[in-house]
Amino acid sequence: MRKAHSILAGLSLALVLTGCEEGKAPAFHKEYALKGAYSASISSSGRYATLGSFNHGGSLWDLQKHSREYDWNHRAKEYSLIAASAFSPDENYAATANQQDLVLWNLNDGSPAGFWSSPAEILQMDLSPNGNFALLGLANHTAVYFDAKNGGEKRVFRHDARVRSVDLSEDARYALTGSDAYKAKFWNVETGELLQELQLGNVVDTVALSPDGDLAFSSGSLDQAVIWDTQSGKIKHTLTTMGDFFKKRVSYLSARFSKTGDRLLTGTASGLVQLWDVRTGKELKRWRIHRRDPYGPVFAGVYAVGFGSGQYFAMGSNGIMNVLK
């Protein structure tokens, strides 16, 4: 009887834990890529999305019409493997990158505005206002602030390992980087000065800055995820997907602060999207993105999240865009 009770208790615990991980279904979902995606990004207002897909390379999508507006491949008659992409905060430009090349695109007509080769493998990127500069996270242990229209490095931020996550404040005065050395670093872009450094317990795979640069989100792979104050360097909130008794290790693949900086939207490797109150660190809403096979064992990861007007967006690694309410 004691053994049977133990099994029953284990099953009950599993059900509790599974229930805690569940979230609302999307209000709407649309297939953007039949065979899945390598990467994605969503513009600041939720108007556009870029996608690096298996079946048609790079592309720009209109999120209101859910239509593919442009095919953005780096060479004619080839499908580029788009490893990273980003939008300028004013939504005038976007950029796509494969492992070695960066292309700046004009959003007004979809035309290329610059084509550059990188000194090392590009792991992540962000764009400054009007697409003037690109912050590149590189495999050669640097983050480079690169002139995307004229070429050339304006600033190099040196690290102790690969830089796999980067973000800029809305005015590009500040940069946040995350590296395989388990560190998130906050920089003054103009001077190159390291202002703050935060140590985590694993590879820092996702970072995000609030628009004014006062707050940061940083998460380690299967490790701690925190909101912290960039002025003091102190952690304000540690985010967990469960209660304090059952803390589950989570990998966050995407994060975005709202325009006002009072909300944070995150997406995990297991397909969970969460909306957080930045002031309290409390979870406000959660969703589970659409899966191609609802009974399959594999979840899709959330490559990009974004805020829209009265709704939220999440792009899955399975090539499906999710509209959340």
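Report follows, based on the coordinates.

Rules of the game
- Residues numbered from 1 in each chain as written.
- Predicted model: local features only at pLDDT ≥ 70, side-chain atom pairs only at ≥ 80, totals over all residues.
- Heavy atoms only, no water.
- Buried < 20%, exposed > 50% of the residue type's maximum accessible area, 1.4 Å probe, protein only.
- Helix = DSSP H or I, 4+ residues; strand = E, 2+ residues; numbered from the N terminus.
- Pairing = 2+ DSSP bridges.
- Polar contact = N/O pair within 3.5 Å; in protein donor to acceptor, adjacent residues only side chain to side chain.
- Contact = heavy atoms within 4.5 Å.
- 1 Å grid on protein atoms, 1.4 Å probe; cavity = no way out; pocket = protein on both sides within 12 Å on 5 of 7 lines; lining within 4 Å.
- Points joined across faces, edges and corners; volume = space filled by probe spheres on them.
- Nonpolar A, V, L, I, M, F, W, Y, C, P; charged D, E, K, R; others polar.
- Patch = residues over 30% accessible without salt bridge, like charges linked within 9 Å, V, L, I, M, F, W, Y side chains within 5 Å.
- Areas by Shrake-Rupley, 256 points an atom, 1.4 Å probe, with all protein chains shown as cover.
- Salt bridge = Lys/Arg side-chain N within 4 Å of Asp/Glu carboxyl O.
- Phe/Tyr/Trp six-rings, centres within 6.5 Å; stacked < 30°, edge-to-face > 60°.
- Lys NZ or Arg CZ within 6 Å of the ring centre and 35° of its normal.
- Axes fitted to C-alpha atoms, helices over the stretch in contact; angles between N-to-C directions.
- Core = buried A, V, L, I, M, F, W, Y, C linked by side-chain atoms within 4.5 Å.

### Examining the pairing of strand 11 (residues 133-138)
Note on strand geometry: in a regular strand, side chains alternate between the two faces of the sheet.
Okay, so step 1: Buried residues dominate strand 11, accounting for six of its six residues.
Okay, so step 2: Burial of strand 11 is two-sided: the residues Phe133, Leu135 and Gly137 facing one way and the residues Ala134, Leu136 and Leu138 facing the other way are all buried.
Okay, so step 3: With five bridges joining them, strand 10 (residues 122-127) and strand 11 adopt antiparallel strand pairing. Paired with glutamine 124 across the bridge in strand 11 is glycine 137.
Okay, so step 4: If you look at the hairpin formed by strand 10 and strand 11, you'll find five residues sitting between the two strands, and asparagine 130 has a positive phi there, around 60 degrees.
Okay, so step 5: Linking strand 11 to strand 12 (residues 142-147), which pair antiparallel, is a turn of three residues; within it histidine 141 sits at a positive phi near 75 degrees.

### A look at the side chain of threonine 206
Okay, so step 1: Looking at where threonine 206 falls in the secondary structure, it is placed in strand 18 (residues 204-209).
Okay, so step 2: In terms of polar contacts, threonine 206 uses its side chain to reach the backbone carbonyl oxygen of tyrosine 252, at 2.5 Å.
Okay, so step 3: Among residues more than four places away in sequence, those in contact with threonine 206 are Ser165, Phe217, Ser218, Ser219, Tyr252, Leu253, Ser254 and Ala255.

### Observations concerning empty space enclosed by the protein
Okay, so step 1: One pass over the structure, following the stated rule, counts one cavity of 30 Å³ or more.
Okay, so step 2: Its boundaries defined by the atoms lining it, the largest cavity holds a volume of some 40 Å³.
Okay, so step 3: Taken together, Leu102, Trp116, Ser117, Ser118, Pro119, Leu136, Val144 and Phe146 form the lining of the largest cavity.
Okay, so step 4: For the lining of the largest cavity, the class distribution of residues is six nonpolar, two polar and no charged.

### Quick look at a nonpolar patch on the surface
Okay, so step 1: A surface patch of nonpolar side chains, about 270 Å² in accessible area, is lined by Tyr38, Phe54 and Leu81.
Okay, so step 2: When you line up the elements, tyrosine 38 lands in strand 2 (residues 37-42).

### Brief notes about the layout of surface pockets
Okay, so step 1: Estimates place the volume of the largest pocket at around 1200 Å³.
Okay, so step 2: In terms of lining, the largest pocket is formed by 50 residues, of which the most central are Ser85, Gln124, Met125, Val166 and Ala255.
Okay, so step 3: Every element with two or more residues in the lining of the largest pocket is listed here: strand 2, strand 6 (84-87), strand 10, strand 14 (163-168), strand 18, strand 22 (252-257) and strand 26 (302-307).

### A short note on the packing of aromatic side chains
Okay, so step 1: In total, this model carries 12 aromatic pairs according to the counting rule given.
Okay, so step 2: Taking 6.4 Å as the distance between ring centres and 15 degrees as the angle between the ring planes, the aromatic pair formed by tyrosine 48 and phenylalanine 87 counts as stacked. Pair noted here: tyrosine 48 is in strand 3 (residues 48-53) and phenylalanine 87 is in strand 6, with a separation of 39 residues, a long-range link.
Okay, so step 3: In this structure tyrosine 48 comes out as buried when scored by relative accessible area, which is 8%.
Okay, so step 4: Under the relative-accessibility criterion, phenylalanine 87 is labelled buried at 7%.
Okay, so step 5: Taking 5.7 Å as the distance between ring centres and 80 degrees as the angle between the ring planes, the aromatic pair formed by phenylalanine 217 and tyrosine 252 counts as edge-to-face. Linking phenylalanine 217 in strand 19 (residues 215-220) with tyrosine 252 in strand 22, this pair joins segments that are 35 residues apart in sequence. You'll find phenylalanine 217 and tyrosine 252 in the same group, each marked buried.
Okay, so step 6: An aromatic cluster is defined as three or more aromatic residues linked by ring pairs; in this entry it consists of Tyr70, Trp72 and Trp105.
Okay, so step 7: The ring of phenylalanine 133 carries lysine 154 above its face, with NZ or CZ at 5.1 Å from the centroid.
Okay, so step 8: Stacked on the ring of phenylalanine 299, the Lys or Arg arginine 288 has its end atom at 4.3 Å from the ring centre.

### Some remarks on the sheet that holds strand 1 (residues 28-31)
What holds strands together in a sheet is hydrogen bonding between their backbones, with the strands either parallel or antiparallel.
Okay, so step 1: Pairing within the open sheet is antiparallel, and its four strands lie in the order 1-28-27-26. Of all strands in the sheet, those with a lone pairing partner are strand 1 and strand 26, marking the two edges. Strand-to-strand twist in this sheet, taken as the mean axis angle between neighbours without regard to direction, amounts to 15 degrees.
Okay, so step 2: Across five bridges, the pairing between strand 26 and strand 27 (residues 312-316) is antiparallel. Looking at the pairing, glycine 306 lines up with phenylalanine 313 of strand 27.

### A few points about the nonpolar core
Okay, so step 1: Counting residues in hydrophobic clusters, the biggest one holds 17 residues, and the most contacted among them are Leu102, Met125, Leu127 and Leu136.
Okay, so step 2: Counting only elements with at least two residues in this core, the list comes to strand 6, strand 7 (93-97), strand 8 (101-106), strand 10, strand 11 and strand 12.
Okay, so step 3: When residues no more than four places from it in sequence are discounted, the contact partners of leucine 102 are Ala95, Thr96, Ala97, Gly114, Phe115, Trp116, Ile122, Met125, Ala134 and Phe146.
Okay, so step 4: In terms of nonpolar packing, the next biggest core, distinct from the first, is built from 14 residues, Tyr32, Leu51, Phe313 and Val323 among them.

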